[in-house]
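# A structural walkthrough
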Amino acid sequence: MYKIAVIGGDGTGPEVVKEGLKVIEAASKKFGFKYETKDFDFNGERYMKTGKTLEDNDIAELKKFNVIYLGAIGHPDVKPGILEQGILLKLRFSLDQYINLRPIKLYNSAFCPLKDKKESDVDFVVVRENSEGLYKGMGEFKDKGTKDEVATQISYNTRKGVERCVRYAFEYTRRRNKRKTLTLCGKTNVLTFAWDLWQRAFNEVAKEYPDIKTNYAHVDATAMWFVKNPEWFDVIVTDNMFGDIITDLGAMVQGGMGIAAGGNLNPEGVSMFEPIGGSAPKYTGKNVINPLAAICAGAMLLEQLGEVKAAKAIEDSVIKIVKTKLKSLAAGKMGYSTTEVGDLVVKNL
Ligand code: IPM
Ligand code: MN
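Notes on the structure follow. (Residues numbered from 1 in each chain as written. Chains lettered and ligands numbered in written order. Predicted model: local features only at pLDDT ≥ 70, side-chain atom pairs only at ≥ 80, totals over all residues. Heavy atoms only, no water.)

## Examining the sheet that holds strand β10 (residues 235-238)
Test applied: Only strands that DSSP links by at least two bridges are regarded as paired with each other. Counting from the N terminus, the helices are the DSSP runs of H or I reaching at least four residues and the strands are the DSSP runs of E reaching at least two. To obtain each axis, a line is fitted to C-alpha atoms, and for helices this fit is confined to the stretch in contact; angles are then taken between N-to-C directions over 0 to 180 degrees. We call two residues in contact when some of their heavy atoms are within 4.5 Å.
Judged by pairing direction, the sheet is mixed, and its 10 strands sit side by side in the order β2-β1-β3-β12-β11-β4-β5-β10-β8-β9 without closing on themselves. Of all strands in the sheet, those with a lone pairing partner are β2 (35-40) and β9 (213-218), marking the two edges. Taken over all neighbouring pairs, the strand axes of this sheet differ in orientation by 20 degrees on average, direction set aside. As paired strands, strand β8 (residues 181-186) and β9 are joined by six bridges and run parallel to one another. Residue Thr 181 lies in a different strand from β9, and its bridge partner there is Lys 213. Packed onto the sheet, helix α1 (residues 13-31) meets β1 (2-9), β2, β3 (67-72) and β12 (271-275) and runs at close to 140 degrees relative to β3. Along the sheet face, helix α9 (residues 292-304) touches β1, β3, β4 (99-105), β11 (261-265) and β12 and points at about 160 degrees away from the line of β12.

## Section: the site of ligand 1
Quick reminder of the rule: Whether a residue is near a molecule or strand depends on its heavy atoms: it is near if one of them lies within 4 Å of it. Polar contact is the term for a pair of N or O atoms within 3.5 Å; when the atoms are in protein, one must be able to donate a hydrogen and the other to accept it, and sequence-neighboring residues count only if both atoms are side-chain atoms. Computed by Shrake-Rupley with a 1.4 Å probe, the accessible areas treat only the displayed protein chains as cover when residues are assessed. Gly counts as polar in this scheme, as do all residues outside two lists: the nonpolar Ala, Val, Leu, Ile, Met, Phe, Trp, Tyr, Cys and Pro, and the charged Asp, Glu, Lys and Arg. Residue ranges assigned to the domains are those given by an automatic or database domain assignment.
As a matter of local geometry, ligand 1 sits amid Glu 84, Leu 88, Arg 92, Arg 102, Arg 128, Tyr 135 and Asp 244. Between Arg 102 and ligand 1, the recorded distance is 2.8 Å, taken from a side-chain N or O atom to an oxygen atom. The side chain of Asp 244 places a nitrogen or oxygen atom 2.8 Å from an oxygen atom of ligand 1. For ligand 1, the accessible surface in isolation is 310 Å², of which the surrounding protein chains cover 77%. Counted by class, the shell around ligand 1 contains two nonpolar, no polar and five charged residues. Counting the residues that make up the shell around ligand 1, at least three belong to each of domain 1 (1-103 + 256-349) and domain 2 (123-253).

Here it is in structure tokens:
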């Protein structure tokens, strides 16, 4: 019996998670696994009523679950940063979800903004470090508000933190077993402390994986190649900030936020799966948002639980409807409502 904690969150989060759970329910019947869910209301509304984001006892409670299924965090009436840091990043950090895994896969070339790219040209995975770097929140103001003000924001990289991420990426590349190529994406030419450490850790771990080809690309060049030659990539490993940026670009290349899913992984603990797009306030409650990113996150969640066949079946069903039914992957333009898209995935399972 798997225990799934559900955090719908803000905006369209609850709507898309509902469709994801519909698909998980159908998959459980077909593939014969059992699970139970519990809802948690960590979100902007609750924060505005109670002033609370996420407390230590909430974290303790969440640790009792096998996985967490998250919708979206972010509320237009709450100052940017409060919910993101107080809920989303707090979850990632306190559950030590040190990997953010973001597959970039094009399911229908008609939805790719790049000219002349086939589905097989866009099929790679970004392994984003998820616990350190610029996200650590280190830095300070000096003389705040004066004309001599200085703000620093430190990128914090530990050898242990970098090495466990890099090692995960090598293992993942081996397990994925496609082109067996791992690219380190960094900025060794300018950020000479952080990326020196990354490069050394990468080179040393690489010696343990003679079957994996390695590459290095600066982050700016990586952005260029995502657009020019996405087919060059198999698996990319990078730090928290660069990973954040390039995976939004990746999401566009695979057809948009409507289809982009990710996992925040603690391979030894509680992992959390989410669509990577935001809470989309303007589409909230209209039954127009694309639930496929959340549904794909649900498939990743099942894969993590060991339900590999169910995960594959969900992905195949998503591919089928993306290829044969949907007019677009964008909210309001799919030719179907949010709930109808969920139903289509269930029907094709
Ligand atoms: C993401 C999001 C978050 C991040 C925000 C909401 C804090 O953009 O999951 O990529 O920057 O990691
Ligand atoms: Mn992001």
